Amino acid sequence: MKTAKLLLLFFAVLLAFGCATAPEVKYAVEAEKVTTQALEPVMIETADLESEVGTKWTGQVPKDAADELTKVIQTEIANTKRFTKVLLNTSEGDTYIVQPHIDKINLAVNNIPSDPTRKKVVVKAKARLDVVFINQRNQKELVKSFYDERTLEDRVKGNPDEAAKQEYHMRALKVAFRSAADQLGNGFNPSYEMGTVARLNGKTAYVQINTSKLRKMPKKQQAVEVVDEDNKVLARIGDPLKIEDGSLSGTIFEKSGATVREGAKVRAKVNALTD
């Protein structure tokens, strides 16, 4: 027994010293989640949402619901710190557009057998944010949709009136749109597509590179650079930048003292949407 007690004391001391000397566990905080540079402005286009509020969901949400919900979306996207600005209905062409939609609103009031003096209110709402790429020729392409569906419950005395029902609908929609906007903001991942200089012709470089994401980049955001093994920029390629399927070409603008050769590493900025 004495030996067992000594062994237990030894292990207790060992654990105490282990806890004191172990490296501190560090958890990522909100600000540390964003490790990449902010993207160019994103625009929220509210025409569809305003139309849905005024026709499909008239009476189920307040008349100013589109403005109120848009502010929620705008704030939540900005809070993800992935975009330099969140604009409203000011398209500059060749950019990303976010189109909010209300897909579902449903409210049910049920009796509570164990509490006859109260009613159970169950409200369901589904919100959607479509990310659309629009070029300067006003051609639109759906890139990805972000959804969220919420169910809120409450117990009330008597049946809720129309104003109370609208308030329940708005509460559920705001939570759903916040979640969808958070998914959208964090879904954008500024990154690079890598390639190589396949051929040189004077000051023109021909690059082999995956251009599927690059072709959807707004022209003002396209950045193609020749880099060394340490990712130090040796030159810029562009003016004009010609992008084809699996390749691109453009004029080489070298930095002082840098020389671009065939086989050099090339990186092109892309705004990838994570799956």
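Going by the structure above, here's the rest.
The shown structure was predicted, so the numbers you read here are calculated from the model rather than taken from an experiment.

### Let's talk about the overall build of the chain
- In terms of regular secondary structure, the chain is built from 4 helices and 11 strands.
- Across the 275 residues in the chain, those meeting the buried criterion constitute 37%.
- Just so you have it, the chain exposes about 16,300 Å², and 50% of that area is on carbon and sulfur atoms.

### Considerations on the pairing of strand E10 (residues 247-254)
- In the sheet, strand E7 (residues 204-209) pairs with E10 via 5 bridges, with the strands oriented antiparallel. Among the inter-strand pairings, Val-207 is bridged to a residue of E10, identified as Leu-248.
- Hairpin connection from strand E9 (residues 233-244) to E10: 2 residues lie between these consecutive antiparallel strands, with Gly-246 at a positive phi of about 85°.

### Quick notes on the pattern of salt bridges
- Taken as a whole and assessed by the stated rule, the structure comprises 13 salt bridges.
- Its salt-bridge partner being Lys-174, residue Glu-68 comes within 2.5 Å of it at the nearest N-O pair. Taken as a pair, Glu-68 in helix H3 (residues 65-79) and Lys-174 in helix H4 (residues 162-187) lie far apart in primary sequence, 106 residues in all.
- For the salt bridge of Arg-128 with Asp-103, the shortest nitrogen-to-oxygen distance reads 3.0 Å. With Arg-128 in strand E4 (residues 119-134) and Asp-103 in strand E3 (residues 95-111), this residue pair connects regions lying 25 residues apart in the sequence.
- Arg-128 gets classed as buried once you look at its relative accessible area, which sits at 18%.

### Quick word on the packing of aromatic side chains
- Across all of its chains, the model carries 0 aromatic pairs by this definition.
- Here Arg-199 stacks its cationic end above the ring of Tyr-206, 4.0 Å away from the centre of that ring.
- In this arrangement the basic side chain of Arg-236 is found over the ring face of Phe-253, its NZ or CZ atom lying 4.6 Å from the centre.

### Examining the packing of H3 against H4
- It is at 8 Å that the axes of H3 and H4 come closest, and there the two elements cross at 35°. In the crossing of H3 with H4, the sense of the turn from one axis to the other is right-handed. Judged by residue contacts, Ala-65, Glu-68, Leu-69, Val-72, Ile-73, Glu-76 and Ile-77 of H3 engage Met-170, Leu-173, Lys-174, Phe-177, Arg-178, Ala-181, Asp-182 and Leu-184 from H4.
- Each residue belonging to the contact of H3 with H4 can be placed in one class, and the counts come to 10 nonpolar, no polar and 5 charged.

### Quick look at H3
- Here H3 is 15 residues long and its end C-alpha atoms lie 21 Å apart, about the 21 Å a rise of 1.5 Å per residue gives.
- Regarding H3, the residues found buried are Ala-65, Ala-66, Leu-69, Thr-70, Val-72, Ile-73, Glu-76 and Ile-77. Taken around the axis of H3, the buried residues stretch over an arc of 160°, which confines them to a single face.
- Buried residues along H3 sit against strand E1 (42-44), helix H2 (47-54), strand E2 (86-88), E3, E4 and H4.
- Just downstream of H3 lies Lys-81, where phi reads positive at about 60°.

### Some remarks on the sheet that holds E2
- Strand order in this open sheet of 5 strands is E2-E1-E3-E4-E5, and the pairing throughout is mixed. Single-partner strands in this sheet number two, and they are E2 and strand E5 (140-156). Taking the axes of each pair of neighbouring strands and ignoring which way they run, one obtains an average angle of 25° across the sheet.
- Where E1 lies against E3, 2 bridges are found, and the strand directions are parallel. Looking at E3, one finds that Met-43 is bridged to Ile-97.

### Considering the pairing of E4
- Counting buried positions along E4 yields 12 of 16 residues, so the element is predominantly enclosed.
- One ladder, built from 16 bridges, connects E3 with E4; its direction is antiparallel. Residue pairing for E4: Ala-108 is matched across the bridge by Val-122.
- Pairing analysis gives 16 bridges linking E4 to E5, with the strands arranged antiparallel. When the sheet's bridge partners are listed, Arg-128 is paired in E5 with Tyr-147.
- What sits between E4 and E5 in their antiparallel hairpin is a turn of 5 residues, with Asn-138 showing a positive phi close to 65°.

Criteria and cut-off values
- Residues numbered from 1 in each chain as written.
- Predicted model: local features only at pLDDT ≥ 70, side-chain atom pairs only at ≥ 80, totals over all residues.
- Heavy atoms only, no water.
- Helix = DSSP H or I, 4+ residues; strand = E, 2+ residues; numbered from the N terminus.
- Buried < 20%, exposed > 50% of the residue type's maximum accessible area, 1.4 Å probe, protein only.
- Areas by Shrake-Rupley, 256 points an atom, 1.4 Å probe, with all protein chains shown as cover.
- Pairing = 2+ DSSP bridges.
- Salt bridge = Lys/Arg side-chain N within 4 Å of Asp/Glu carboxyl O.
- Phe/Tyr/Trp six-rings, centres within 6.5 Å; stacked < 30°, edge-to-face > 60°.
- Lys NZ or Arg CZ within 6 Å of the ring centre and 35° of its normal.
- Axes fitted to C-alpha atoms, helices over the stretch in contact; angles between N-to-C directions.
- Left-handed = near helix turned anticlockwise from the far one by under 90°.
- Contact = heavy atoms within 4.5 Å.
- Nonpolar A, V, L, I, M, F, W, Y, C, P; charged D, E, K, R; others polar.
- Expected span 1.5 Å × (residues − 1).
- Arc of directions from axis to C-beta.

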